[in-house]
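Inside the fold
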Amino acid sequence: MKVIVRQEFRNGLRNPILWAGLVFIFLGLFQILSPYLSLHYFSEEEFARLEDMDMEYLGDADVMDGYIPATKEEQRRVIYQQIYQLFIEEGYPEDKAEEMTEEIAKKELDENELEVYLVENYPFYDAYYGISYYFGLDIRKGTREEVNAYIQQKLEEHPFSWYFARKFADFSGLFFSFFSAILLAFLYIRDTKRDMYELLHTKPIKAAEYIGGKILGGFFILIFVLAILIAVFEVLCIMAGNSAGLPVDLMDIPAAALMYVIPNILLIACVYTIVAVIFKSPFPGVPLLFLHIVYSNMGSVGADGRYGYYGRPLAIMVRFPGDLLDVAPPPMALLNQCFVIVASVVLFGLSAMLWKRRQMY
C-alpha cells in the first residue's frame, strides 16, 4: 500500500491542476477572509469614518463595519415602524396609521403570524413586502462603545482565532469540495484504461491494499494543499491578532479544519473510488459530486419558520453563515461529520469487495 500511496502522491505533485488550484483557492480565500483579519477595537476617529450601509448591502455588514446583533425588541420596533410607513404610503392619516400599527403590536404576533395577518387583513399588502421587513433586521448599527463592548464580550468567550478558524473552515470547505471533485478525477484515469484495468486485475495485489492506497494517495495530496493554506492563514491570523491586541490560539485553525474539512475530503475520495470501480471510469463521479455539493449547500426552513442554512445529512461541507463573532456550526454538525467518516469506511469496504470480485488470478 505504501508504494501506491507514494506513487499517487508524486503523480499529484506533478499535476499542474494541483498548483493552479492551490493559487486559485488561496486568492479566493484571501479575498473573502481578509476583512475578518481587520477586526480591532475602534477609536473615536476610526468609528466616525464608518458609513451606514444601504439596505441592499446590509446583509454583508459585520462588526468590522460597526454593526452588532439586534435584540428581538429592537427588531420588532423596526418592523412596526416599517408597517407604519407602509400605511402612510397607502394614504392613511398619521393618527390612523399609528392606531392601526399599535393594534397590530398588541397582538404580539411572531414573524410568520404577522405575515399571515397582514396578507389576510390588508388587501394592499403583498407578501413580497415581508422581504423588506425581515431582511437585515438581525443586525443594527451600534455606537462605538457598544461595538467595542460586543467585541470584548465575544473575545472573553473565545480567542479571535477561534472565530476566524470557523470562517476559514467554512470557505475552505466550499473551495475544497469543488477542487477535490476536479483533482480526484485524475486518480483513476490511468488505471481504468482498458489495458491497464485488465492488467491490474491479474496482479496478486490485495484489493484492500490497492483501494486503500489509491484513496490515501488522493487524500494525502489534498491534505498537502490544505496544510499549506492552514500555515499561510495561521501566520496571517497571528499577525492580525497581535497587531490588534486580540488573543490567538495556534491550534484553532488546524482543529477547525480537522473537524469540518478533512472528513469531507476523505468522503469525496471514497466516492470517486467506488464510482471508478463500478463504472470502470471516474468521470461519472464528477456530476454526482457536483450535485452532492449543491445538496450540501442548500438552505432550508428552520423550526422558527425562517430560511437559513441548517446543514444536511451526509453533507460534504459545513457552513458557518453567521457574522464573524456570531458563528456557530449548524445543528448536529459534529454528528454528521462522524456519519461522513463512517460512510467513507463503508464505501472503502464496498470498493475493495467489488475490486476483489473482478480479480482473475
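Summary of the structure given here. This is a predicted model, so every value here is computed, not measured.

1. Here's the deal with the packing of helix α13 (residues 262–279) against helix α15 (residues 333–357)
In a pair of packed helices, the angle between the axes and the distance between the axes together describe the arrangement. Remark: α13 packs on α15, axes separated minimally by 9 Å, with the N-to-C direction vectors making an angle of 25°. In terms of axis orientation, α13 runs roughly parallel to α15. You can see that α13 and α15 cross each other, and the crossing is left-handed. Listed contacts from α15 to P263, N264, L266, L267, C270, V271, T273, I274, V277 and I278 of α13 are Q337, V340, I341, A343, S344, L347, L350, S351, L354 and W355. Along the lines of polarity and charge, the residues of the contact of α13 with α15 split into 15 nonpolar, five polar and no charged.

2. Some words on the pattern of salt bridges
Throughout the structure, instances matching the rule amount to seven salt bridges. Residues E146 and R140 are paired through a salt bridge, measuring 3.2 Å at the closest nitrogen-oxygen approach. Accessibility expressed as a relative area gives 30% for E146, which makes it partly exposed. Judged by its relative accessible area of 23%, R140 is partly exposed. The shortest N-O distance in the salt bridge between E145 and R144 comes to 3.8 Å. In this structure E145 comes out as exposed when scored by relative accessible area, which is 51%. Of the residues examined, R144 reaches a relative accessible area of 21% and is grouped as partly exposed. Through salt bridges that share partners, E44, R144 and E145 make up one connected network.

Calculation rules
- Residues numbered from 1 in each chain as written.
- Predicted model: local features only at pLDDT ≥ 70, side-chain atom pairs only at ≥ 80, totals over all residues.
- Heavy atoms only, no water.
- Axes fitted to C-alpha atoms, helices over the stretch in contact; angles between N-to-C directions.
- Helix = DSSP H or I, 4+ residues; strand = E, 2+ residues; numbered from the N terminus.
- Parallel < 35°, antiparallel > 145°, perpendicular 65-115°, else oblique.
- Left-handed = near helix turned anticlockwise from the far one by under 90°.
- Contact = heavy atoms within 4.5 Å.
- Nonpolar A, V, L, I, M, F, W, Y, C, P; charged D, E, K, R; others polar.
- Salt bridge = Lys/Arg side-chain N within 4 Å of Asp/Glu carboxyl O.
- Buried < 20%, exposed > 50% of the residue type's maximum accessible area, 1.4 Å probe, protein only.

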